Amino acid sequence: MIKTLLVGFGFSAQTFHLPFLSQLPQYSVDVVVSSKPDEVKRLLPNAKVYPSLEDALENGQVDLVVITTPNHLHAFQTKLALKYRCHVLVEKPFTLDSEQAANLVSFARQQERHLCVFHNRRFDGDFLTLKHLIQSGQLGEIKRFESRFDRFRPIPRNRWRENAGLGSGIFWDLGPHLIDQALQLFGWPKAVAADILTLRESGQSDDTFDLTLYYDDKIVKLGSSAFQGASTLRFDLQGTKASFRKFHLDPQEDQLRVGMSIDDVNWAVTDKNEHGILSDGESENEIETKKGEYVTFFERLASAIENKGQPPADASTVVPVIKLIELAIKSSTSKHIQYC
């Protein structure tokens, strides 16, 4: 089994990581870094709990370090884990600086360890459906793509993601997901324009963003709003043969929130009422959403650690995401398009 050290024991750790690390047979969570040892022991009675990552690495003897701490800590903790020759799975964004990101990728190679970023949205069922539609040619040549992740949260909450601070705000939270998906589909753009705004009263960090990515033959729109009370438009994909629209978010996050087992028959299955629609101007057809594959993410990571393949989101593929985030921030600040 892959002896795992979990850094942080908050929402991300307990919701997005622990269900897989504790239920899949490839992993054992033996060590946790947390300031709440009683809470850890309630869920992981046999795990050793340390107050700092240094203490845990010095005494834990682990294979994999999973980092779920606030964004500004990711780079430092990743480098420290790699120094101890551990494989690393780190929450996105894995750094707040593209040069630092490239350096960490090089250091991981030097240490001969895998550095994987938790871009689980590559394994959303709706995104997998979208990829299949593009590859099948049913849409023809793609000309316009819109991807959104809207919520109704008009009142700021007192938590690090929404308070003032390095790496806080909705753009650093959801921007990496939307940008990563766009780059996975279409590659590096020619230019980017962005508006990253704080619109909520008494807001301490940005809560709304809209990006436009320019390509030679298409345009891509990415965005998030804190003021969408209706069902969110997730994807709008337009091509020369047909278009595809999908509302609602992938079900896996909500299922994890309520504690659904990954062995449940309904796990990662999208409700029939939430499938997307393919339209060609004459007819409309419901497209069944593929089953989400967060389990596959962790299975591929285990295989990579066991030298049986590549990790599901190698950090080298994520460096362009950080670069594009930097360009978008520069565009929003300067109010000018930034050429890539």
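Residues numbered from 1 in each chain as written. Predicted model: local features only at pLDDT ≥ 70, side-chain atom pairs only at ≥ 80, totals over all residues. Heavy atoms only, no water.

1. A closer look at the overall build of the chain
The following threshold applies: Numbering goes from the N terminus for both helices and strands, where a helix is a DSSP run of H or I of at least four residues and a strand is a run of E of at least two. In this setup the radius of gyration rests on C-alpha atoms only. A globule is expected at 2.2 Å times the number of residues raised to 0.38. The contact definition used throughout considers only heavy atoms, calling two residues in contact when any of these lie within 4.5 Å. What sets the accessible areas is the Shrake-Rupley method with a 1.4 Å probe; for residues, cover comes only from the shown protein chains. For the purpose of charge, His is not counted, nor are the chain termini; Lys and Arg are scored as positive and Asp and Glu as negative. To locate a charge, the coordinates of NZ of Lys, CZ of Arg, CG of Asp or CD of Glu are taken.
Each helix and strand counted, the chain has 10 helices and 15 strands in total. Taking 20 Å as the expected radius of gyration for a compact globule of 340 residues, we find that the chain reaches 20 Å, a close match to that expectation. Once the C-alpha set of the chain is aligned to its principal axes, its extents read approximately 65 × 50 × 40 Å. For the chain, contacts bridging at least 24 residues in sequence account for 70% of all contacts bridging at least 6. With the model as given, the accessible surface of the chain reaches about 15,400 Å², and the carbon-plus-sulfur share is 47%. Mean positive and mean negative side-chain charge positions of the chain (39 and 44 charges, respectively) differ by 3 Å.

2. Details of helix α1 (residues 11-23)
For an α-helix the count is 3.6 residues per turn, leaving residues at separations of three or four pointing the same way. Formally: Multiplying one less than the number of residues by 1.5 Å gives the expected span of a helix. Think of it this way: the bend at a residue is just the angle between two axes, each fitted to seven residues, one set ending at that residue and the other starting at it. Buried, partly exposed and exposed residues are distinguished by accessible area as a fraction of the type maximum, computed with a 1.4 Å probe on protein chains only: under 20%, between the cut-offs, and over 50%, respectively.
In this model α1 runs 18 Å from its N-terminal to its C-terminal C-alpha over 13 residues, within 8% of the 18 Å that 1.5 Å per residue would give. The largest bend in α1 amounts to roughly 50° and is located at His 17, with the proline Pro 19 lying one to four residues further along. Looking at α1, one finds that the buried residues are Ser 12, Ala 13, Thr 15, Phe 16, His 17, Leu 18, Pro 19, Phe 20 and Leu 21.

3. Here we look at the pattern of salt bridges
Applicable threshold: A pairing counts as a salt bridge when a side-chain nitrogen of Lys or Arg comes within 4 Å of a carboxyl oxygen of Asp or Glu.
Summed over the entire model, instances satisfying the criterion amount to 20 salt bridges. Between Glu 162 and Arg 157 there is a salt bridge, with its nearest N and O atoms 3.4 Å apart. Three or more residues joined by partner-sharing salt bridges are found here, namely Arg 157, Arg 159, Glu 162, Arg 200 and Asp 207.

4. Details of the environment of Ile 67
In this fold, Ile 67 is placed in strand β4 (residues 64-67). A residue is classified by how much of its surface remains accessible, and Ile 67, at 0% relative accessible area, is buried. In this structure the C-alpha to C-alpha distance between Ile 67 and Gly 8, which are 59 residues apart in sequence, comes to 6.9 Å. Beyond its immediate stretch of four places on either side in the chain, Ile 67 contacts Val 7, His 74, Gln 77, Thr 78, Val 88, Leu 89, Val 90 and Glu 91.

5. Observations regarding the sheet that holds strand β3 (residues 48-50)
What counts, and what does not: At least two bridges found by DSSP between two strands is the condition for calling them paired. Fitting a line to C-alpha atoms yields each axis, with helices limited to the stretch in contact; the angle taken between N-to-C directions then spans 0 to 180 degrees.
Pairing is parallel across the open sheet formed by six strands, whose spatial order is β3-β2-β1-β4-β5-β6. Whereas interior strands pair on both sides, the edge strands pair on one side only; in this sheet they are β3 and β6 (115-118). The mean inter-strand angle of the sheet, taken between neighbouring strand axes irrespective of direction, is 25°. In this structure, strand β1 (residues 2-7) lies alongside strand β2 (residues 27-33), joined through six bridges in parallel fashion. Its bridge partner lying in β2, Lys 3 is registered against Ser 28. Packing against the sheet, helix α9 (residues 294-305) makes contact with β1, β2, β4, β5 (87-91) and β6, and its axis sits at approximately 175° to β6.

6. A few points about helix α6 (residues 125-136)
Helix length check: α6, at 12 residues, gives a terminal C-alpha distance of 16 Å against a target of 16 Å (1.5 Å per residue), a fit within 8%. The complete set of buried residues in α6 reads Gly 125, Asp 126, Phe 127, Leu 128, Thr 129, Leu 130 and Leu 133. Each element contacted by the buried residues of α6 is listed here: β7 (142-148), α7 (170-186), β11 (233-239), β12 (243-247), α8 (252-257) and β14 (284-287). Where α6 ends, the next residue or the one after it, Gly 137, has phi of about 85°, a positive value.

7. Remarks on the packing of aromatic side chains
Convention followed: The rule is short: rings of Phe, Tyr and Trp, with Trp giving its six-membered ring, pair when the centres are within 6.5 Å, and they are stacked under 30 degrees, edge-to-face over 60, tilted in between. Here, over-ring charges are defined by two tests on the NZ atom of lysine or the CZ atom of arginine: distance to the ring centre within 6 Å, and angle to the ring normal within 35 degrees.
Overall, the coordinates contain 13 aromatic pairs when judged by the stated rule. Here the aromatic rings of Phe 118 and Phe 297 are separated by 5.2 Å at their centres, their planes lie at 85°, and the arrangement is edge-to-face. Remark: Phe 297 occurs in helix α9 and Phe 118 occurs in strand β6; sequence separation between them is 179 residues. Summarising the burial analysis for this pair, Phe 118 and Phe 297 share the class buried. It is Lys 79 that lies over the ring of Phe 107; its NZ or CZ is 5.9 Å from the centre.

8. Comments concerning the nonpolar core
Heads up, the condition is: Within this scheme, the nonpolar core is defined by two criteria: the residues are buried Ala, Val, Leu, Ile, Met, Phe, Trp, Tyr or Cys, and they are joined through side-chain atoms within 4.5 Å.
Grouped together as the largest cluster of nonpolar side chains are 68 residues, with contacts concentrated most on Leu 5, Val 65, Phe 94, Leu 115, Ile 179 and Leu 211. A per-element tally of this core places α7 first, with 10 residues. Discounting residues that sit within four places of it in the chain, Ile 179 has contacts with Phe 171, Leu 211, Leu 222, Val 321, Leu 324 and Ile 325. Of all hydrophobic cores here, the second largest spans 33 residues; its members include Leu 44, Val 66, Ile 262 and Ala 313.

9. Describing the packing of α7 against helix α10 (residues 319-334)
Under the convention used in this document: The scheme is simple: roughly parallel for angles under 35 degrees, roughly antiparallel for over 145, roughly perpendicular for 65 to 115, oblique for anything else. In this scheme the crossing of two helices becomes right-handed for a clockwise turn of the near helix relative to the far one and left-handed for an anticlockwise turn of less than a right angle.
Across the interface, α7 lies against α10 with an axial gap of 9 Å and an inter-helix angle of 120°. Put simply, α7 runs oblique to α10. At the point where α7 passes α10, the crossing takes the right-handed sense. For the pair α7 and α10, contact is made by Phe 171, Trp 172, Pro 176, Ile 179, Asp 180 and Leu 183 and by Pro 320, Val 321, Ile 322, Leu 324, Ile 325, Ala 328 and Ile 329, respectively.

Honestly, that's just the spatial picture; any functional story needs more than this.
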